[in-house]
Amino acid sequence: MKKFEKLTSSVVPLPIENVDTDQIIPARFLKATTREGFGDNLFRDWRYNSDGQPKADFVMNNPTYSGKILVAGKNFGCGSSREHAAWAIQDYGFDVVISSFFADIFKGNALNNAVLPITVPDEFLEKIFNTTFANPDAELTVNLEAQTVTINATGDSFIFEINPYKKSCLINGYDDIDYILSHTAEIEEFEKTRPFSFYR
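Here's a quick rundown of the structure.

Conventions we followed
Residues numbered from 1 in each chain as written. Predicted model: local features only at pLDDT ≥ 70, side-chain atom pairs only at ≥ 80, totals over all residues. Heavy atoms only, no water. Core = buried A, V, L, I, M, F, W, Y, C linked by side-chain atoms within 4.5 Å. Buried < 20%, exposed > 50% of the residue type's maximum accessible area, 1.4 Å probe, protein only. Helix = DSSP H or I, 4+ residues; strand = E, 2+ residues; numbered from the N terminus. Contact = heavy atoms within 4.5 Å. Salt bridge = Lys/Arg side-chain N within 4 Å of Asp/Glu carboxyl O. Pairing = 2+ DSSP bridges. Axes fitted to C-alpha atoms, helices over the stretch in contact; angles between N-to-C directions. Right-handed = clockwise from strand over helix to strand, strands pointing away. Phe/Tyr/Trp six-rings, centres within 6.5 Å; stacked < 30°, edge-to-face > 60°. Lys NZ or Arg CZ within 6 Å of the ring centre and 35° of its normal.

A separate point is the nonpolar core. Ile 24, Phe 43, Phe 76, Ile 89 and Phe 106 are the most contacted members of the largest nonpolar core, which totals 27 residues. Elements that contribute at least two residues to this core include exactly β1 (6-14), β2 (69-72), α3 (84-92) and α4 (104-112). Of the residues forming this core, the biggest block, four residues, is contributed by α3. Aside from chain neighbours lying at most four places away, what touches Ile 89 is Ile 24, Leu 42, Phe 76, Phe 94, Val 97, Phe 106 and Val 115. Of all hydrophobic cores here, the second largest spans 24 residues; its members include Ile 69, Ile 118, Phe 124 and Leu 140.

Here we come to the pattern of salt bridges. Enumeration according to the criterion identifies four salt bridges in this entry. Here Lys 2 and Asp 95 are joined by a salt bridge, their closest N and O atoms 2.5 Å apart. With Lys 2 in the segment before β1 and Asp 95 in the loop between α3 and β3 (96-99), the pair connects residues that are 93 residues apart, well separated along the chain. Taking relative accessible area as the criterion, Lys 2 reaches 43% and is therefore assigned partly exposed.

To continue, consider unusual backbone geometry. Despite not being glycine, Asn 75 has its phi angle at roughly 70°, a positive value. As for its placement among the helices and strands, Asn 75 is situated in the loop between β2 and α3. Owing to a relative accessible area of 19%, Asn 75 belongs among the buried residues under this scheme. One non-glycine residue with positive phi stands out, namely Gln 147, at about 60°. By secondary structure assignment, the location of Gln 147 is in the loop between β5 (139-143) and β6 (148-151). Residue classification places Gln 147 among the buried positions, given a relative accessible area of 18%.

Let us now look at the sheet that holds strand β4 (residues 116-119). Reading across from one edge, β4-β3-β2-β1-β5-β6-β7 is the order of the seven strands in this open sheet, with mixed pairing throughout. Because the sheet does not close on itself, it has two edges, and the strands there are β4 and β7 (157-159). Going from strand to strand, the sheet's axes swing by 25° on average, the running direction of each strand aside. Judged from the four bridges that link them, β3 and β4 form a sheet pairing that is parallel. Each bridged residue has a counterpart across the sheet, and for Ile 98 the counterpart in β4 is Ile 118.

Turning our attention to the pairing of β2. Residues Ile 69 and Val 71 line one face of β2 and the alternating positions Leu 70 and Ala 72 line the opposite face, and both faces are buried. Both β1 and β2 contribute to a ladder of four bridges, which runs parallel. The residue bridging Val 11 from the neighbouring strand is Ile 69, located in β2. Note on the crossover from β2 through α3 to β3: the handedness is right-handed.

We now examine the packing of aromatic side chains. Counted according to the given criterion, the structure contains eleven aromatic pairs. Between Phe 102 and Phe 106, the aromatic rings sit 6.1 Å apart at their centres with planes inclined by 15°, giving stacked as the arrangement. Residue Phe 102 is classed as buried on the basis of its relative accessible area, which comes to 3%. Summarising the aromatic geometry, the rings of Phe 129 and Phe 133 are spaced 6.0 Å apart at their centres and angled 10° between planes, so their arrangement reads as stacked. Highlighted residues: Phe 129 and Phe 133, both in helix α5 (residues 122-134), separated by four residues, approximately one helical turn. Counting every residue linked through ring pairs, the aromatic cluster contains Phe 43, Trp 46 and Phe 58. Taking NZ or CZ as reference, Arg 44 lies 4.4 Å from the ring centre of Tyr 48, over its face.

Read these as geometric descriptors, not functional statements.
Here you go:
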């Protein structure tokens, strides 16, 4: 996975609550087994009419808003456990998703696919929306090492929580196997102390 340390970006605001995984990536697009190409169908039914034409009133079709941070309403990623939802968000180009609540399975899938889900209080989420609507070019800075998300225009900042193991994986660009391999020397040294060890 790619490394994540610090990101400063404008945001794409999606002030909709209870966004489920079928809205993120509709079930009819789950036939592929590789991660590439899912971004084309992210929020497919919200982005496009049945004839394939973009819906002008959907935020991702509005050139006013852009960036690598998606800011969504409360309860993002609920519904089925499909990992494809995280694939679609990552493939589209979002590195961070911010909400005041995430479904647990979606949160885990996001972290496993180099997408950082940040949970903030409702009040802080509202500040982000208000700042963005007032100035679409306004930026947030996400510092993973410090575990902070900052609204640059106002200086408001929040310290978010993240599993220490997942934090280490994101900073180093590791998936679960990469993390184990990074400890190869320690594993081999430990094995030397065991009876009938391969390394003895």
